Amino acid sequence: MTLWYVARAAGVVAMIMFTLAATLGIVSSGSRRPDRRFWLQYVHRSAAVTGLALLVAHVVAVIADSNVEISATVLVWPFGSGYRPFAVALGVLAMYGVVLATVAGAARGRLARFAAFSRYWRTIHIAASVGWALSIGHALLSGTDRSTPWMLAITLGCLVAVVGAGFYRANSYAPPNLVRAGRAR
């Protein structure tokens, strides 16, 4: 039972940490104040690294748990799981996206001198957003707690946080004349 609890807890908290990272990434990229942006990016990266460590714990615990039909081969062939194959595949693909963005982010400082890498950084970083979205699908479709009120509340709360951050960012980029005109009505 210990591995089952570890797998569940690590997976849920990893999703929360990746949601925090996504929310802060969205909000900080719209910030025009350098000091605010620095701290938002710092917490964004810290949440992402914490989420990654918890993701590793989640994957190891799920694979080590003998009560679940998931082997390490699922990391190479995501649809080969005996347990909810589509849901597990979403989780594995989410992991791929997050890991790709993490590796690119870790190498970003060293590769910044190459114009080609700098041009493609945002495109590569979108893999993290796709990974986050797939992790929401994974949370809604896999696990024994997926339909409990508390798990649905956490998952939908994560979704609302990122969508809310997206709306905040979209409104922060509105030209000042349009914002003033909208308030005058």
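Model, not experiment: these values are computed from the prediction.

(A) Here's a closer look at the environment of T23. By the secondary structure assignment, T23 is in helix α1 (residues 2-29). Under the relative-accessibility criterion, T23 is labelled buried at 18%. Along the chain, T23 and A89 lie 66 residues apart, while their C-alpha atoms are 24 Å from each other. The contacts of T23, once residues within four sequence positions are left out, are A161, V162 and A165. A distance of 2.8 Å separates a polar atom in the side chain of T23 from the backbone oxygen of T19.

(B) Looking closely at helix α4 (residues 115-141). The end-to-end C-alpha separation of α4 is 41 Å, in line with the 39 Å expected for 27 residues at 1.5 Å each. Along α4, the largest kink reaches about 45 degrees and is centred on W121. When α4 is considered as a whole, its buried residues turn out to be F117, W121, A127, G131, W132, S135, I136, G137, H138 and A139. Just beyond α4, the residue with positive phi is G143, at close to 85 degrees.

(C) Quick peek at the confidence of the model for the protein chain. Put simply, the protein chain has an average pLDDT of 86, and 91% of its residues get 70 or more. Within the protein chain, no element has a lower average pLDDT than helix α6 (residues 176-184), which sits at 52, and none a higher one than helix α5 (residues 149-172), at 93.

(D) Quick peek at the side chain of S135. Relative to the helices and strands, S135 resides in helix α4. Its relative accessible area of 15% is what places S135 among the buried residues. Side-chain polar atoms of S135 contact the backbone oxygen of W132, separated by 2.6 Å.

(E) Broad picture of the nonpolar core. Ranked by size, the top nonpolar core spans 26 residues in total, and within it M15, F18 and W132 carry the most contacts. Those elements that place two or more of their residues in this core are α1, α2 (34-64), α3 (85-111), α4 and α5. Sort the elements by how many residues they give to this core and α1 lands first, with eight residues.

(F) Spotlight on unusual backbone geometry. Within the chain, R84 stands out as a residue other than glycine whose phi angle is a positive 40 degrees. Taking the relative accessible area as the measure of exposure, R84 reaches 29% and is therefore partly exposed.

(G) View of the pattern of salt bridges. On inspection of all chains with the given rule, the structure shows one salt bridge. A salt bridge links R8 to D145, with the shortest nitrogen-to-oxygen separation between them at 2.5 Å. Of the two residues, R8 is situated in helix α1 and D145 in the loop between α4 and α5; the sequence distance between them amounts to 137 residues.

(H) How the structure looks around the packing of α4 against α5. At a minimum axis distance of 10 Å, the contact between α4 and α5 shows a crossing angle of 160 degrees. Judged on the interaxial angle alone, α5 and α4 are roughly antiparallel. Along this stretch, α4 crosses α5, giving a crossing that reads as left-handed. Touching W132, I136, A139 and L140 of α4 are M151, L152, T155, C158, L159 and V162, all from α5. Across the contact of α4 with α5, the residue classes tally to nine nonpolar, one polar and no charged.

Basis of the calculations
Residues numbered from 1 in each chain as written. Predicted model: local features only at pLDDT ≥ 70, side-chain atom pairs only at ≥ 80, totals over all residues. Heavy atoms only, no water. Helix = DSSP H or I, 4+ residues; strand = E, 2+ residues; numbered from the N terminus. Buried < 20%, exposed > 50% of the residue type's maximum accessible area, 1.4 Å probe, protein only. Contact = heavy atoms within 4.5 Å. Polar contact = N/O pair within 3.5 Å; in protein donor to acceptor, adjacent residues only side chain to side chain. Expected span 1.5 Å × (residues − 1). Bend = angle between axes of the 7 residues up to and from the residue. pLDDT = per-residue confidence, 0-100. Core = buried A, V, L, I, M, F, W, Y, C linked by side-chain atoms within 4.5 Å. Salt bridge = Lys/Arg side-chain N within 4 Å of Asp/Glu carboxyl O. Axes fitted to C-alpha atoms, helices over the stretch in contact; angles between N-to-C directions. Parallel < 35°, antiparallel > 145°, perpendicular 65-115°, else oblique. Left-handed = near helix turned anticlockwise from the far one by under 90°. Nonpolar A, V, L, I, M, F, W, Y, C, P; charged D, E, K, R; others polar.

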